[in-house]
Amino acid sequence: MDPPSTADDTAASSSATSSSLRKRAAALSANTSPPPGGGGGSSRERESKARQEMEDDVERGMEEPMSPAGRLFRETHFNCYIVALLGLGSPVDVAAVRAGLEATLVRHPRFSSVQVTDDARKNAKPRWVRTTVNLDDHMVFPDLDPAATSADPDRAVEDYVSSLSTLPMDHSRPLWELHVLDVPTSEAAAAVVLRMHHSLGDGVSLISLLMACTRSAADPARLPALPPPSSGGPPRRSAGFLALAAWVWSLVVLAWNTVVDVARFVATSWFLRDTRTPFMGTEGVEFRRKRFVNCTLSLDDVKFVKNAMKCTVNDVLIGVTSAALSRYYFRKTASSGDTSGDSKKAHKNIRLRSALLVNIRKTPGLHTLAEMMDSGKDNTMKWGNQIGYIVLPFHIAMHDDPLEYIRQGKKTADRKKRSLEAVFTYWSGNLVVKLLGIKAAAALCYGMFTNTTMSFSSLAGPSEKVEFYDHPIVYIATSVYGHPHALTVHFQSYMNIMKLVLAVDDEQFPNSHQLLDDFAESLRLVRQAVSV
C-alpha cells in the first residue's frame, strides 16, 4: 500500500510534467480484432475513429476537475483502492485480454487520465488530464512460487492478492492495473485481479464499468443482464385519499429520521465511539497489510429466506452478518475467560456500527458505459465519486432463534430506508470542502471511520453467466482497502452464488477463515430455521 505521502508526492511530480502530458500523443497500439460482442468492418472503423479522437484529446490536453470525494481518496488516511478478483473458467489468453482492454477499458476517459496538480498556483485543485495509455504498464504477470502454487494454489492466490495492499501504485500513470494469475485453483482454471484507485469512481460505477467490459456467455453480442432496480414514488391519484395521507406521513417520518441520523452522524464524527470489540481496528490500521479471504454462499438460500421472511436480500445479508459477528464475538470473549457481572452486562449494550457508502445518483447503464468506452467520451454522463455515508448499526446478541437476526436486520434496514442521511452527508461534505477545504472534510470522515467498527457493502452482479474477453467468469470477488477499518464485509452476487469477501487486518485477524465459517454457518442455521 502507498505510504502516507505517496499520493500527494506523486501528484506533485505529475504536476511538473503536466505540460509534457498535454503535448504527448503517441499512438495507441493497433487493435485489429473487433471488440467483444462486435464484428465487421464498421467496428474497426469506429475503433480507428475513437483512437484518433482520444489522441486528439491528449493533444488538446483534455482536463476535468476531480470531485470532492475523489480528492478525499487522495488523502493520507483514505488512500483507498478497489480490488476485483475474477475467477475464470479457462486459462488466460493474453492476446485476447490485451485486445479487449484496448477496445474497452483503455478508452474510458478516467482510465486514460492521470491526476495533476499545479504547485505553482495557490490552492490549486487536482484535476484529471488525458494521456496515452501504454498497456504494458498496466498488465502485470507475477512470478509465483511454483512450490507454493503446487502445494496450495488457493492460498498462493490469496497471499498474492493480499500482498497488493502493501504495494504502491505509480501515480504518474492512469491508476489501474490488471494482474494475470494463470494458476488453476479449486474454483477456477485461472484468475485476474483488477486493482484501481478509488478516486477513479465509486464502487457501483466501477463494478458497472467492469460489467460493461463483459458479454453474455449465451450471446456474445449482448451485454450481461443485471437484476432490475427497485422503484418507488408518490401514489397515483387513483390510489385514494388514505394512500395519499400515508405518503404525506411518510415524508414527515423521512424528515424526522433524517434529522436524527444527521445528529448521530455528526456526534460519531466527533465523539460517539463504538464499544471496543475484537473487530475494531487500532491506530494506523489503514496503513497495515490486509488479507482478502472469500467463500461462496448460495444466493438461492438467501432468496429462500428473503421470500419466507418477506424482506429483501439486503435485509437477509445484514441479519446473517449480525449472526456471524455475534458467533465470533461471543466465542472470543468466552475463550478469554471473562465471566464477570460487568462483562455480561456490557454484552447487552454493544454498540457496533458500520460505515456504508451509498451511491446517491443514478448509476450509468451498461449500454451507456459501453458507448463511452467505444467513443472515449464522457458525453453527458456524470462520472466519478458521488457518494454519501450511512452509519449502519448491527445487532450483537445471542439468540436461540436464528431468525431473530433477520428480523432485527430488516428493522434496521427499514429504518435507514426512511432517511436522507446519505444525501445530507454528500451535500454537506461538498459544502465543508468548499468552505473549509479538503483537510477539514478528511478529518470529519476520519473521525466517523475511527469511531465506527467496520465497513459493509453489497453489490448485485449479473444474473447470467458472462465472459471477460472470451473467458467465462466463474466468480467475482471484490473488496477495498486503505480506509481506517480492520474489517470490511462485502457481498457480491453473480448468477446463483453470493461471494462473501472479508478484508481484514492481517495481524488482528490471524483466524480470518474461521470468521468466514461463521458466516456460512449462520446462513445455514437461518435457512434451516426457515424450513422448520
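Residues numbered from 1 in each chain as written. Predicted model: local features only at pLDDT ≥ 70, side-chain atom pairs only at ≥ 80, totals over all residues. Heavy atoms only, no water.

A. Seen up close, the overall build of the protein. Along the backbone of the protein there are 17 helices and 16 strands. Burial statistics for the protein: of 532 residues in total, 53% are counted as buried. Accessible surface for the protein amounts to roughly 23,200 Å². Of this, 57% is attributable to carbon and sulfur atoms. (Helix = DSSP H or I, 4+ residues; strand = E, 2+ residues; numbered from the N terminus. Buried < 20%, exposed > 50% of the residue type's maximum accessible area, 1.4 Å probe, protein only. Areas by Shrake-Rupley, 256 points an atom, 1.4 Å probe, with all protein chains shown as cover.)

B. Representation of the nonpolar core in the model. Within the largest apolar cluster, 75 residues are counted, with the highest numbers of intra-cluster contacts made by Leu 101, Leu 105 and Trp 176. At seven residues, strand β2 (residues 81-88) tops the list of elements feeding residues into this core. The next biggest cluster of nonpolar side chains, apart from the first, holds 46 residues, and it includes Phe 330, Ala 486, Leu 515 and Val 526. (Core = buried A, V, L, I, M, F, W, Y, C linked by side-chain atoms within 4.5 Å.)

C. View of unusual backbone geometry. Positive phi outside glycine occurs at Tyr 469, with the angle close to 50°. In this structure, Met 495 is a non-glycine residue whose phi angle is positive, near 55°. The topology assignment puts Met 495 in the loop between β15 (487-494) and β16 (497-505).

D. Here's a closer look at the confidence of the model for the protein. Chain-level statistics for the protein give a pLDDT mean of 82 and a share of 77% at 70 or above. For residues 1-44, every residue scores under 50 in pLDDT, and the model assigns this stretch 93 contacts once sequence neighbours within four places are set aside. A low-confidence stretch, residues 340-345 (pLDDT under 50), is modelled with two contacts involving residues beyond four sequence positions or located in other chains. (pLDDT = per-residue confidence, 0-100. Contact = heavy atoms within 4.5 Å.)

E. Quick peek at the pairing of strand β14 (residues 471-481). With nine of 11 residues buried, β14 is to be regarded as a mostly interior element. Both strand β13 (residues 466-468) and β14 contribute to a ladder of two bridges, which runs antiparallel. Among the inter-strand pairings, Phe 468 is bridged to a residue of β14, identified as His 471. The hairpin turn running from β13 into β14, its antiparallel successor, is two residues long, and Tyr 469 in that turn takes a positive phi close to 50°. (Pairing = 2+ DSSP bridges.)

F. Spatial organisation of the pattern of salt bridges. All told, the structure shown has 28 salt bridges when counted by the stated rule. Between Asp 505 and Arg 288 there is a salt bridge; the shortest N-O distance is 2.9 Å. One end of the pair, Asp 505, is in strand β16; the other, Arg 288, is in the loop between α9 (241-270) and β9 (290-298), with 217 residues separating them in the sequence. Across the pair Lys 417 and Asp 414 runs a salt bridge, and its minimum N-O distance is 3.8 Å. Of this pair, Lys 417 and Asp 414 are both found in helix α14 (residues 403-417), three residues apart, which corresponds to roughly one turn of the helix. If you follow the salt bridges from partner to partner, you end up with Arg 155, Glu 158, Asp 159, Arg 289, Arg 291 and Asp 506 in one network. (Salt bridge = Lys/Arg side-chain N within 4 Å of Asp/Glu carboxyl O.)

G. Layout of the packing of aromatic side chains. Counted by the stated rule, this structure contains 13 aromatic pairs. A ring pair is formed by Phe 279 and Tyr 328, whose centres lie 5.4 Å apart and whose planes are at 40°; its orientation type is tilted. Separated by 49 residues along the polypeptide, Phe 279 in the loop between α9 and β9 and Tyr 328 in helix α11 (residues 313-335) bring together distant segments of the chain. Accessibility assignment for this pair places Phe 279 and Tyr 328 in one class, buried. Through a chain of ring-to-ring contacts, the aromatic side chains of Phe 394, Phe 456, Phe 491 and Phe 519 assemble into a single cluster. Sitting over the face of the ring of Tyr 475, Lys 499 holds its NZ or CZ atom 4.6 Å from the ring centroid. (Phe/Tyr/Trp six-rings, centres within 6.5 Å; stacked < 30°, edge-to-face > 60°. Lys NZ or Arg CZ within 6 Å of the ring centre and 35° of its normal.)

H. Spotlight on the sheet that holds strand β11 (residues 387-394). The mixed open sheet is built from six strands, whose spatial order is β9-β16-β15-β12-β10-β11. Looking along the sheet, the strands with just one partner apiece sit at the ends: β9 and β11. Strand-to-strand twist of the sheet, defined as the mean angle between neighbouring strand axes without regard to direction, takes the value 25°. Here strand β10 (residues 352-359) runs beside β11; their pairing, made up of eight bridges, is antiparallel. Its bridge partner lying in β11, Leu 356 is registered against Ile 390. (Axes fitted to C-alpha atoms, helices over the stretch in contact; angles between N-to-C directions.)

I. Region of interest: a nonpolar patch on the surface. The grouping of Leu 244, Val 248, Trp 249 and Val 252 at the surface amounts to a nonpolar patch, some 400 Å² of accessible area in total. You can see Val 248 is positioned in helix α9. (Patch = residues over 30% accessible without salt bridge, like charges linked within 9 Å, V, L, I, M, F, W, Y side chains within 5 Å.)

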